[in-house]
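What follows is the residue order along each chain.
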Amino acid sequence: MNNLICRKIKEVCSVDNPEQVIPLHEPDFRETKAWDYVKECIDSGWVSSAGNWVNRFERMIESYTGCEHAIAVTNGTVAIRLALYISGVKPGDEVITSPMSFVATANAICHLGAVPHFVDIETERYGMCPNALADRLDEIGENRDGDIYNKESGRRISCVLPIHIFGNPLRIKEVVDIADRWGLPVVEDAAEALGSWVGNNHCGSFGKVGCFSFNGNKIITTGGGGALVTNEQETALRARHLSTTAKRQHPWEFFHDEIGWNDRMPNINAALGVGQLERMDIVVKRKRDLHRKYVEAFGDVDGVRILNIVGDSPNNWLISMTLVEGNQKEVEEVRNSLLEFAQGQGLMLRPVWRLLSELPMFVDVPRGELINAYEMAPRLVSLPSSPNLVSNSEDIY
Ligand SMILES: *Cc1c(COP(=O)(O)O)cnc(C)c1O
């Protein structure tokens with residue numbers, strides 16, 4: 001069984017040398033002008049927090065996502081923290097999120113002195129379940145003069161932070177509708193979802209603010225980097241201001257009108273990003289091709305299923321995932337034996353992150369019932385998904 005799965009994966013990844021180690025995800029700089037652009041930064045001396053590449057990168061993110069404003073920052077965690085801050089999250093508040101995510105989502109909440117509050121995921125896209133959100137708010141939410149309080153903990157609830165995980169667009173419209181009904185802003189963690197859409201609208205464009213990451217394991221990389229997107233001019237101005245030490249624009253004076261952060265993306269990283277974004281369509285196409293090959297190869301394999309969401313929400317397939325089927329009691333063991341076997345074969349398969357609700361920092365935070373999250377987490381395995389596993393000759397333009 002494990003042998004068959006690993007053989008199929010190697011077939012999809014079309015590696016010639018059976019000894020070759022296949023990593024989970026590597027950045028792809030083929031045919032980009034990244035090197036020329038980075039060199040231009042170095043030659044000109046504009047490598048740091050000012051320069052034209054940041055501007056260019058932001059305008060490209062705006063036109064790619066269809067959002068009116070993009071603000072480039074140093075990483076995705078910082079983007080989420082800044083988005084939450086601008087959305088009004090204060091120390092001691094609760095932010096509603098879901099437990100299946102990278103730890104950065106919950107960390108960003110805590111960096112503001114706020115507390116994550118977990119609600120369940122749904123079992124098709126693994127994002128926040130709109131029904132779970134609605135039920136939980138009905139259960140514990142109380143409107144006191146326009147502010148929503150958790151009547152069990154006594155804390156204010158100030159924001160909803162859903163995650164488009166592995167690039168799967170979550171049921172964001174429903175989540176936004178429910179949050180709207182309670183007067184709560186939505187910040188989308190779209191760190192993994194550049195190139196993913198719901199209908200004709202890009203992930204990250206539905207809430208008040210959307211957040212992207214350009215870390216090395218994401219769909220494009222700037223080395224390290226992130227961005228906020230928003231359609232609200234006020235919000236964009238505030239993000240820009242706070243991310244540049246809240247310095248008032250002036251030809252020579254240093255005047256800062258509140259406590260800000262030094263969050264802006266350096267020019268040299270933005271240059272790398274421009275080189276990558278110019279090739280975005282091809283990268284997404286390669287990801288989708290790789291994913292289609294996995295779906296085809298595993299069509300007749302019992303015991304595992306490739307996640308394949310069909311509908312009007314095109315996915316970037318940042319990471320192709322497989323689901324280990326079978327009895328809940330045994331599934332973790334079955335998965336572990338697959339991971340171990342694959343490791344011996346030089347194949348990097350990885351389990352989904354440990355649920356955030358299980359991590360020592362978050363074991364005591366408020367939560368609704370997390371039935372789906374606990375059922376799905378032991379079943380999910382990520383497959384090698386580097387765009388360079390699809391050879392150039394396979395690209396159809
Ligand atoms: C990568 C990631 C982040 C954080 O981005 P960094 O750039 O690594 O700080 C946040 N949320 C999710 C879902 C991510 O995958």
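Coordinates for the structure precede this section.
Outline the packing of helix α4 (residues 76–86) against helix α8 (residues 233–243), supporting the account with residue identities and numerical values.
At their nearest, the axes of α4 and α8 sit 10 Å apart, and the two run at 125 degrees to each other. In this view, α4 runs oblique relative to α8, as classed from their interaxial angle. At the point where α4 passes α8, the crossing takes the right-handed sense. Residue-level inspection shows Leu82, Tyr85 and Ile86 of α4 in contact with α8, the latter providing Thr235, Arg238, Ala239, Leu242 and Ser243.

With reference to specific residues and values, describe the site of the ligand.
Not every one of the 16 residues close to the ligand is listed here, only the nearest: Gly76, Thr77, Glu192, Ser213 and Lys218. Between the ligand and the protein, one listed contact pairs an oxygen atom with a side-chain N or O atom of Asn75 at 3.5 Å. Burial of the ligand by the protein chains amounts to 93% of its free accessible area of 380 Å². According to the grid-proximity analysis, the pocket containing the ligand is the second largest pocket. Contributions of two or more residues to the shell around the ligand are made by α4 and α5 (103–111).

Let's hear about unusual backbone geometry: which residues, and what values?
Even without being a glycine, Glu31 presents a positive backbone phi close to 55 degrees. Tracing the sequence through the fold places Glu31 in the loop between α1 (2–12) and α2 (34–44). The residue Tyr126 is not glycine, and still its phi comes out positive at about 70 degrees. The topology assignment puts Tyr126 in the loop between β3 (115–118) and α6 (130–140).

Give a description of the sheet that holds strand β7 (residues 187–189) that names residues and reports values.
Sheet architecture is open: 4 strands sit in the order β1-β11-β10-β7, paired in mixed fashion. Because the sheet does not close on itself, it has two edges, and the strands there are β1 (69–73) and β7. Taking the axes of each pair of neighbouring strands and ignoring which way they run, one obtains an average angle of 20 degrees across the sheet. Inspection of the sheet shows strand β10 (residues 209–213) paired to strand β11 (residues 226–230) by 4 bridges, in the antiparallel sense. Bridged to Gly210 within β11 is Val229. Sheet contacts for helix α3 (residues 52–65): β1, β10 and β11; angle to β1, the most-contacted strand, approximately 135 degrees.

Describe the pattern of salt bridges, naming the residues involved and giving the relevant values.
Pairing of side chains with opposite charge becomes possible as their charged atoms draw close. According to the stated counting rule, one finds 29 salt bridges in the structure shown. For the salt bridge of Asp28 with Arg286, the shortest nitrogen-to-oxygen distance reads 2.9 Å. Here Asp28, found in the loop between α1 and α2, pairs with Arg286, found in helix α10 (residues 280–297); they are 258 residues apart in sequence, far enough to count as distant. Given a relative accessible area of 1%, Arg286 falls into the buried group. The residue Glu58 makes a salt bridge to Arg59 at a minimum N-O spacing of 3.4 Å. Overall, the relative accessible area of 2% leaves Glu58 in the buried class.

Got a sec to walk through the layout of surface pockets? Specific residues and values, please.
Space inside the largest pocket adds up to approximately 580 Å³. Lining the largest pocket are 20 residues, and of these Ser49, Arg240, Thr244, Gln249 and Arg264 lie nearest its centre. Contributing elements (two or more residues each) for the lining of the largest pocket: α3 and α8. Its residues placed into classes, the lining of the largest pocket shows 3 nonpolar, 11 polar and 6 charged. In this structure, the second largest pocket spans a volume of roughly 490 Å³. Along the walls of the second largest pocket sit 29 residues, with Phe102, Glu192, Asn217, Lys218 and Trp353 positioned nearest its centre. Those elements that place two or more of their residues in the lining of the second largest pocket are α4, α5 and β14 (350–351).

Cut-offs used in this document
Residues numbered from 1 in each chain as written. Predicted model: local features only at pLDDT ≥ 70, side-chain atom pairs only at ≥ 80, totals over all residues. Heavy atoms only, no water. Axes fitted to C-alpha atoms, helices over the stretch in contact; angles between N-to-C directions. Helix = DSSP H or I, 4+ residues; strand = E, 2+ residues; numbered from the N terminus. Parallel < 35°, antiparallel > 145°, perpendicular 65-115°, else oblique. Left-handed = near helix turned anticlockwise from the far one by under 90°. Contact = heavy atoms within 4.5 Å. Near = heavy atom within 4 Å. Polar contact = N/O pair within 3.5 Å; in protein donor to acceptor, adjacent residues only side chain to side chain. Areas by Shrake-Rupley, 256 points an atom, 1.4 Å probe, with all protein chains shown as cover. 1 Å grid on protein atoms, 1.4 Å probe; cavity = no way out; pocket = protein on both sides within 12 Å on 5 of 7 lines; lining within 4 Å. Sits in = over half its atoms within 2 Å of the grid points. Pairing = 2+ DSSP bridges. Salt bridge = Lys/Arg side-chain N within 4 Å of Asp/Glu carboxyl O. Buried < 20%, exposed > 50% of the residue type's maximum accessible area, 1.4 Å probe, protein only. Points joined across faces, edges and corners; volume = space filled by probe spheres on them. Nonpolar A, V, L, I, M, F, W, Y, C, P; charged D, E, K, R; others polar.

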